[in-house]
Amino acid sequence: MFSLFQKKSREFSKTESHIYGIITELLKRNTTDIHCDELGRKYYLSNEEHHIRVTVFGNEYVIRITNTHDSIAEKYDDFLVDKILVAVREEKQKRMDLICGSISDSIENMAERLHNTLTASSAKDPAIIKVA
């Protein structure tokens, strides 16, 4: 009885699968720049090394792929575009976490060096008042 109401899992067509593969491969490369307009749901990927640009318009479900020879923009199923947007957001978040971690590590290292310098200078000159 329940088998009649089960939702069939959605699969990509050959073209959709190809588009999804191109975009996920771009996201794997560190040389790909990701720019986002969250309010307008527009996402821009560009890889100058491979001469390819991708623009995803989330509101219109349009994907534009441009390389040195061609440019194509087509409207796709919302399932594909939403999957792509999830992948782009995840990669963007992963990169932001790496950057924030790197900045935090740099700040901690600078603070430790400053602390060590102040400790060493106060040990040399006991007239310096220690601040707790």
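That block above? That's the structure.
From a predicted model like this one, the values you see are computed outputs, not experimental measurements.

K.L.:
Help me understand the nonpolar core in this model?
P.N.:
Among soluble globular proteins, nonpolar side chains are generally buried collectively. Counting residues in hydrophobic clusters, the biggest one holds 19 residues, and the most contacted among them are I23, V54, V56, I63 and I84. Where this core is concerned, the elements lending two or more residues are helix 1 (14-28), strand 2 (42-47), strand 3 (52-57), strand 4 (62-67) and helix 2 (78-124). If you tally residues by element for this core, the top one is helix 2, at 6 residues.

K.L.:
Could you clarify how one ought to interpret the side chain of T32 in this entry?
P.N.:
Structurally, T32 can be placed in the loop between helix 1 and strand 1 (33-37). Not counting residues up to four positions away in its chain, the partners in contact with T32 are L26, L45, S46, N47 and R95.

K.L.:
For this particular structure, what's the right way to read helix 2?
P.N.:
Two residues of an α-helix separated by three or four positions point the same way, owing to the 3.6 residues in each turn. Between the first and last C-alpha of helix 2 there are 68 Å, a value that for 47 residues agrees with the 69 Å anticipated at 1.5 Å per step. By the burial criterion, the buried members of helix 2 are L80, V81, I84, L85, A87, V88, E91, R95 and S122.

K.L.:
Help me understand the sheet that holds strand 1 in this model?
P.N.:
Paired through their backbone hydrogen bonds, the strands of a sheet run either parallel or antiparallel. Taken together, the 5 strands give an open sheet; going across it, the order is 1-2-3-4-5, and neighbouring strands pair in antiparallel fashion. What marks the edges here is a single partner per strand, and that holds for strand 1 and strand 5 (71-75). The sheet shows a mean angle of 10° between the axes of neighbouring strands, taken without regard to direction. Where strand 1 and strand 2 come together, 5 bridges link them in antiparallel fashion. Along strand 2, the bridge assignment pairs D33 with S46. Strands in contact with helix 1 are strand 1, strand 2, strand 3 and strand 4; relative to strand 3, the strand with the most contacts, it is inclined by about 115°. Sitting on the sheet, helix 2 touches strand 1, strand 2, strand 3 and strand 4, and the angle it makes with strand 1 is about 115°.

K.L.:
Teacher, can you tell me more about the pattern of salt bridges here?
P.N.:
Any two side chains of opposite charge can pair, given that their charged atoms come close. For the coordinates displayed, the defined rule picks out 6 salt bridges. Two residues, R53 and E48, come together in a salt bridge whose shortest N-O distance is 2.9 Å. Close ionic contact of E91 with K94 constitutes a salt bridge, the shortest N to O distance being 3.4 Å. On the criterion of helical spacing, the pair formed by E91 and K94 is a turn pair, its members being 3 residues apart in helix 2. Relative accessible area serves as the criterion here: at 13%, E91 is assigned to the buried category. Beyond isolated ion pairs, a larger network of salt bridges with shared partners links E91, K94 and R95.

K.L.:
I tried to follow the pairing of strand 3 on my own but got confused; where do I start?
P.N.:
Looking along a regular strand, one sees the side chains alternate between the two faces of the sheet. Taken across its 6 residues, strand 3 has 5 buried, putting it largely inside the fold. Bridging between strand 2 and strand 3 involves 6 bridges; their strand directions are antiparallel. Pairing of Y44 across the sheet is with T55, part of strand 3. Counted between consecutive antiparallel strands, the loop separating strand 2 from strand 3 contains 4 residues, among which H51 sits at a positive phi close to 55°. With 6 bridges joining them, strand 3 and strand 4 adopt antiparallel strand pairing. Bridged to I52 within strand 4 is N67. Between the antiparallel neighbours strand 3 and strand 4 lie 4 residues, among them Y61 with a positive phi of about 55°.

Criteria and cut-off values
Residues numbered from 1 in each chain as written. Predicted model: local features only at pLDDT ≥ 70, side-chain atom pairs only at ≥ 80, totals over all residues. Heavy atoms only, no water. Core = buried A, V, L, I, M, F, W, Y, C linked by side-chain atoms within 4.5 Å. Buried < 20%, exposed > 50% of the residue type's maximum accessible area, 1.4 Å probe, protein only. Helix = DSSP H or I, 4+ residues; strand = E, 2+ residues; numbered from the N terminus. Contact = heavy atoms within 4.5 Å. Expected span 1.5 Å × (residues − 1). Pairing = 2+ DSSP bridges. Axes fitted to C-alpha atoms, helices over the stretch in contact; angles between N-to-C directions. Salt bridge = Lys/Arg side-chain N within 4 Å of Asp/Glu carboxyl O.

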